[in-house]
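# A look at the structure
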Amino acid sequence: MQLLKIEGGDRLSGELDLQGAKNSVLPLISACVLTGGITRLTRCPELSDVYAALRILSSLGCKCRLSDGCAEIDARTLSGCEIGDKLMRQMRSSIIFMGALLGAVGECVMSFPGGCELGPRPIDMHISALRQLGAEITDEHGRLICRCPKGLHGCTVNLPFPSVGATENIMLAAVCAEGETVIVNAAREPEIAELGRFLNFCGARIKGAGCHRVVIEGVPRAELHGCEFEVMPDRIAAATYLCAAAASGGEAHIRGARVCDLEAVTNVLRQSGCRVTASGSGIYICAPPLLRCVNTVRTCPYPGFPTDAQAIVMAAFAKSKGMGLFVEDIFENRFRHVDELVRMGADIKTEGRVAVVRGVDRLTGAQVSAPDLRGGAALCVAACAAEGETTVSNVCYIDRGYDSIEKALGALGAKIRRV
Ligand code: EPZ
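This one's a predicted model, so the numbers in the text were calculated from it and none came from an experiment. (Residues numbered from 1 in each chain as written. Predicted model: local features only at pLDDT ≥ 70, side-chain atom pairs only at ≥ 80, totals over all residues. Heavy atoms only, no water.)

## Structural notes on the pairing of strand E25 (residues 388–393)
What counts is decided by this rule: We call two strands paired when DSSP finds no fewer than two bridges between them. The secondary structure listing takes helices from DSSP runs of H or I that are at least 4 residues long and strands from runs of E that are at least 2 residues long, numbered from the N terminus. Note on handedness: a crossover is taken as right-handed if, strands pointing away from the viewer, the path from the first strand over the helix to the second is clockwise.
Alignment of strand E1 (residues 4–8) against E25, held across five bridges, turns out to be antiparallel. Paired with Gly8 across the bridge in E25 is Gly388. Taken together, the three bridges between strand E24 (residues 367–369) and E25 define a ladder with parallel strand orientation. Residue pairing across strands places Gln367 opposite Thr391, the latter belonging to E25. In terms of handedness, the path from E24 via helix H12 (residues 373–385) over to E25 forms a crossover that is right-handed.

Written as structure tokens, this is what we have:
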């Protein structure tokens, strides 16, 4: 099992080129199924979740290659519509292949997506929306059998919650559906706008992706084609590296980061005493020796504070002046990093969806274990601020979403190595 060893305590100072966004490239990879052509995705991050998604495409008959940060996907040879259990369990977001396959070939068979560490990951909104579009979905012993005997037809889908995955699934299924589909209360994350932009590059007709109302005008599948597309920068990875610099009282320039994607996070960092500015090519941060703990961080759908940055920002505030409240309103089990931060000397108490952080003036290195993807990244952030050596295990969780986190933190001056 691999470990990350981090010798913390020194202020970070450096710059790095930001990776492509995991939560954008995954829906783009599944969208390739629809195009029936050849697509090149540049600035594609090398992540275990990306490899898992490409393995799913290969199991469906597509030809895939990922090298030098470019994924080449040939969907002309798509021949299957069944995703095996093992592949489905490798990543939660494989559910978005459902919409793409229904849109492409009108049927798909898959098992329930891999549960994940964040608590139950229901897909009720996905299923209900796709049924409204005409899909017949039955659950046979944990396998979802989906068919569209009369094809898919556009309609208005009102989402009870702006679910990112459900919005993506509906968009993918609606691209070739008969007539117009309107998504009301759609998720507004930047990754949704990017999916709309990509699909339009491939010949789809989508308006309003990234807003709360998305209109998709169905087009014949034969009109779709592949394209070349640059993956957007990863806003959560950017938040991670900004927080590592902030936690260590240092500075960093994150090249490629888009300020507009991260305003809720940069506002919190400014409130804590950091200077955060948009440079011509990214985001620059300069932190005070000790952060001022911000009083309340409440996670909510975009453009509110992103749930994926909650653990990361909490780690930065573990060593700070004052006290803060973190309210996790999106997932029910997203404080599993707290016990590990406490092992490093943090003073954090949780009660349900609320965590109370009392800033301490020093953290100490410890042996900690990544509980999930963003919790693992949070431990790396805290380790940069902790005196002494921290060993982080379960690095496989971190590798799901970070393209060589040790290289990125090393570029900022962190003493980090993978063993
Ligand atoms: C996406 O997950 C992201 N994953 C998550 O990032 C992110 O945390 C989440 O959006 C929220 O921003 C990808 O994009 C691959 P949701 P998703 O559907 O689509 C409930 C990371 O760390 N819900 O917006 O699964 C659900 O249980 C990952 O990179 C239903 O109840 O998120 C959750 O409480 C973690 N029924 C809430 O909605 C449904 O049918 C938000 O889920 C669907 C969702």
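## Things to note about the domain arrangement of the protein chain
The cut-off we apply is this: What counts as a domain boundary in this text is fixed by an automatic or database domain assignment. Residues count as neighbours in contact if any of their non-hydrogen atoms are within 4.5 Å of one another. Computed with a 1.4 Å rolling probe, the buried area is the accessible surface lost when two parts are put together, summed over both parts. Salt bridges are defined by distance alone: a side-chain nitrogen of Lys or Arg within 4 Å of a carboxyl oxygen of Asp or Glu. Polar contact is the term for a pair of N or O atoms within 3.5 Å; when the atoms are in protein, one must be able to donate a hydrogen and the other to accept it, and sequence-neighboring residues count only if both atoms are side-chain atoms. We call Asp, Glu, Lys and Arg charged. Ala, Val, Leu, Ile, Met, Phe, Trp, Tyr, Cys and Pro are nonpolar, and the rest, Gly among them, are polar.
Looking at the assigned domains, one finds that the protein chain contains domain 1 (4–18 + 233–418) and domain 2 (22–229). With centres defined by C-alpha atoms, the gap from domain 1 to domain 2 works out at 31 Å. In this complex, domain 1 contributes 28 residues to the contact, which on the side of domain 2 involves 20 residues. Both faces combined, the contact of domain 1 with domain 2 buries some 2,000 Å², and carbon together with sulfur accounts for 50% of it. There are three salt bridges connecting domain 1 and domain 2. Here Arg258 makes a salt bridge to Glu194, at a shortest N to O gap of 4.0 Å. At the boundary of domain 1 and domain 2, one finds seven residue pairs in polar contact (both at pLDDT 80 or more). Those elements that place two or more of their residues in the side of domain 1 that touches domain 2 are H12 and helix H13 (395–399). Counting residues per element, the side of domain 1 that touches domain 2 draws most heavily on H13, which supplies three residues. Of the residues that constitute the side of domain 1 that touches domain 2, the class distribution is twelve nonpolar, three polar and 13 charged.

## Quick notes on the site of the ligand
Cut-off, in case you're wondering: Any residue with at least one heavy atom within 4 Å of a molecule or strand is counted as near it. Methods summary: accessible areas were calculated by the Shrake-Rupley approach with a probe of 1.4 Å, and residue burial reflects only the protein chains presented.
Around the ligand there are 23 residues in total, and Asp124, Met125, Ser163, Asp308 and Ile330 lie nearest to it. In the model, an oxygen atom of the ligand is placed 2.9 Å from a nitrogen or oxygen of the Arg374 side chain. Notes on the ligand: free accessible area 830 Å², of which the protein chains cover 87%. Sorting the residues of the shell around the ligand by element identifies helix H1 (22–35), helix H5 (124–132), helix H6 (164–174) and H12 as the ones contributing at least two each. It is H5 that contributes the most residues to the shell around the ligand, three residues altogether. By residue class, the composition of the shell around the ligand is ten nonpolar, six polar and seven charged.

## Focus on the sheet that holds strand E17 (residues 282–286)
Selection criterion: Between N-to-C directions, angles span 0 to 180 degrees; the directions come from axes that are lines fitted to C-alpha atoms, helices contributing only their stretch in contact.
Taken together, four strands build an open sheet; the order of strands is E2-E15-E17-E16 and the sheet is mixed. In the strand order of this sheet, the two ends are held by strand E2 (13–17) and strand E16 (275–279), each with one partner. Strand-to-strand twist in this sheet, taken as the mean axis angle between neighbours without regard to direction, amounts to 15°. One ladder, built from five bridges, connects E2 with strand E15 (residues 251–255); its direction is parallel. Following the sheet pairing, Ser13 is matched in E15 by Glu251. Sheet strands in contact with helix H8 (residues 235–247) are E2, E15 and E17, and its direction is about 165° off that of E15.

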